Every structure is written in C-alpha cells, then in structure tokens.
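# Survey of secondary and tertiary structure
For reference, the chains in residue letters:
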Amino acid sequence: METVSRESHGPGAVVPKARVHFRVTRFIMEAGVKLGLQSIPVATACTIYHKFFGEADLDAYDPYLIAMSAIYLAGKVEEQHLRTRDIINVSNRYFNPSSEPLELDARFWELRDSIVQCELLVLRALRFQVSFQHPHKYLLHYLISIKNWMNRYSWQRTPISVTAWALLRDSYHGALCLRFRAQHIAVAVLHLALQVYGVAVPAEAEAEKPWWQVFSDDLTKPIIDNIVSDLIQIYTMDTEIP
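Residues numbered from 1 in each chain as written. Predicted model: local features only at pLDDT ≥ 70, side-chain atom pairs only at ≥ 80, totals over all residues. Heavy atoms only, no water.

Further remarks concern the packing of aromatic side chains. Following the criterion strictly, the structure yields 13 aromatic pairs and no others. For the pair Phe-52 and Phe-53, a centre-to-centre distance of 5.1 Å together with 85° between the ring planes defines the contact as edge-to-face. Note on accessibility: Phe-52 and Phe-53 belong to one class, buried. One aromatic cluster is present, formed by Tyr-138, Tyr-142, Trp-149, Trp-211 and Phe-215 through successive ring pairs. (Phe/Tyr/Trp six-rings, centres within 6.5 Å; stacked < 30°, edge-to-face > 60°. Buried < 20%, exposed > 50% of the residue type's maximum accessible area, 1.4 Å probe, protein only.)

The structure is reproduced here in structure tokens:
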C-alpha cells in the first residue's frame, strides 16, 4: 500500500512507532466498519496486529499489509468470514477515496496472494495463538450491575454506557489489550467514564471495599491508574496526528 514507518515530517524525520500503530489500528477500525465487522472481530484484528509487532520489527514489514491480513484472519477466528476481494477494495478506497474498485488484474492477484501469505506469516509469528479474551463481555456485565446500583434518573442523564464503550474501542489504538487483563480494562474504562461525568457510585463511602474491587478481587488502584494513563496518552496522540 504505502510505506508509513518513515513518513515525512521535515528533513530526516521519522514517525514514532506508537504513532504508526495508532494510524494503522485506526485503519483497521474504519475498514472493519465498512466491511460490516462486529466489535469483537475488530478487537481481535487489532490485538493480532499489536501482538505481531510485539514480536516483529516494524521496519521489516509493511504495517498496512499486516493489518489487512489481521482483518482477514480475525474474520476467520471470530467466524465472521470476509472475502479477500472485499478487504482489498475497502483498503484501496481508504487510501484512494476517489478510486474505482480494483480490476481483477495482475496487481489485484499479487495483493491477494500477499495477504494470504502474510496471514501464514502472522500465524507462525504468533505460534497460532490468535484467540483472545476481550473486555467486552465483562464491560457489559459491569454496566448492568452499575446501572442497577444507581438512581435511574442519574443514569439516564449521563451517557456513562456510551462513553465506556467508546473508551474501550479507542483503547485498541494502543497495546493495552496485551499489557492488562480483560477484566481490569473493562473496570478501568467504566471508572474513567464515571469520573468524566462526575458520577459517584451509591454508598461508596460506606462500602467495605471499592466498587471496582467487587468486580475484580485482584484489581488495585495503581493498575486502574496505569490503564487510564495509557488511555490518556492515546487521546493525546490523537490530537497530534492529522
């Protein structure tokens, strides 16, 4: 597609790897939406991408080709199968918005073969371990519990649920999914969503332990703070990238 690890930002400038990964995972998310992927396959594709580059050098591979293969592989893993032709056309339109779908010519078949071969490369690099436990099911459970604890009108006034889901989605721009447990990420995005709107969990002061420890016994405040800090770094990067 295009070389991104050394994009031009002035003479001799090199884009930091974290920014490259941010851009490529944004591509995965946007392509996933256009391909009709549900949230779990998109999360799996991002996790595959991050895990691959946790093992491999960014300069040795085209990150967008890895991303396309991650999307293709995630569709298989999560049983929402995609055609390589659809992935290629969506990707081509992403980079060239005014272009027509690619003809079934030598260039198309070369790209298709690259995706398929890259899929095998990714599988080998990850030792065929491409099934992941995501925070989504935990966040759903925690949101239902928090909603039942809270005053109905207070809950309806603030978009806690929408914000928590958005925070979870955006967390996949970074490698939080590899560094923290799924349950901990789910609690942390809910904790941050509550903080953003200044919403307190009822009877928190009288409780024997914090509400978030009810959901995960081994969770500590420093872990939550680390996850929130990583999320803030992602949003800071978002404001710096055109």
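Turning next to the state of the cysteines. One pass over the structure, following the stated rule, counts zero disulfides. Distance from the sulfur of Cys-118, which forms no disulfide, to the nearest cysteine sulfur (Cys-46) is 15 Å. (Disulfide = S-S within 2.5 Å.)

As for its position among the elements, Asn-89 is in helix H4 (residues 84-95). When residues no more than four places from it in sequence are discounted, the contact partners of Asn-89 are Pro-101 and Leu-102. (Helix = DSSP H or I, 4+ residues; strand = E, 2+ residues; numbered from the N terminus. Contact = heavy atoms within 4.5 Å.)

For residues besides glycine, phi is generally negative; the peptide bonds are generally trans as well. Phi is positive for Glu-79, close to 55°, though the residue is something other than glycine. By the element assignment, Glu-79 lies in the loop between helix H3 (63-77) and H4. At Phe-128, a position not held by glycine, the phi torsion is positive, near 60°. With respect to the helices and strands, the residue Phe-128 is situated in the loop between helix H5 (106-125) and helix H6 (136-149). According to the relative accessible area criterion, Phe-128 is exposed, its value standing at 53%.

This next bit is on the environment of Pro-210. Assignment of secondary structure puts Pro-210 in the loop between helix H10 (182-196) and helix H11 (211-215). On the basis of relative accessibility, which here comes to 24%, the residue Pro-210 falls in the partly exposed class.

Overall, the predicted model of the chain reaches an average pLDDT of 88, with 91% of residues at or above 70. Long-range and interchain partners of residues 1-14, a stretch whose pLDDT sits below 50, account for 26 contacts in this model, where long-range means more than four residues apart. (pLDDT = per-residue confidence, 0-100.)

With that out of the way, let us pick up the environment of Val-90. Relative to the elements of secondary structure, Val-90 occurs in helix H4. Residue Val-90 is classed as buried on the basis of its relative accessible area of 15%. Remark: the alpha-carbon pair of Val-90 and Ser-161, spanning 71 residues in sequence, is separated by 30 Å. Look past the residues within four positions of Val-90 in its chain and what remains in contact with it is Ala-31, Lys-34 and Leu-35.

With that settled, the discussion passes to the packing of H6 against H10. In contact at an axis separation of 9 Å, H6 and H10 are set at 45° when each is read in the N-to-C sense. It follows from the interaxial angle that H6 and H10 lie oblique. In terms of crossing hand, the pair formed by H6 and H10 is right-handed. Of H10, the residues touching H6 (which contributes Tyr-138, Leu-139, Tyr-142, Leu-143 and Ile-146) are Ala-182, Gln-183, Ala-186, Val-187, Val-189 and Leu-190. (Axes fitted to C-alpha atoms, helices over the stretch in contact; angles between N-to-C directions. Parallel < 35°, antiparallel > 145°, perpendicular 65-115°, else oblique. Left-handed = near helix turned anticlockwise from the far one by under 90°.)

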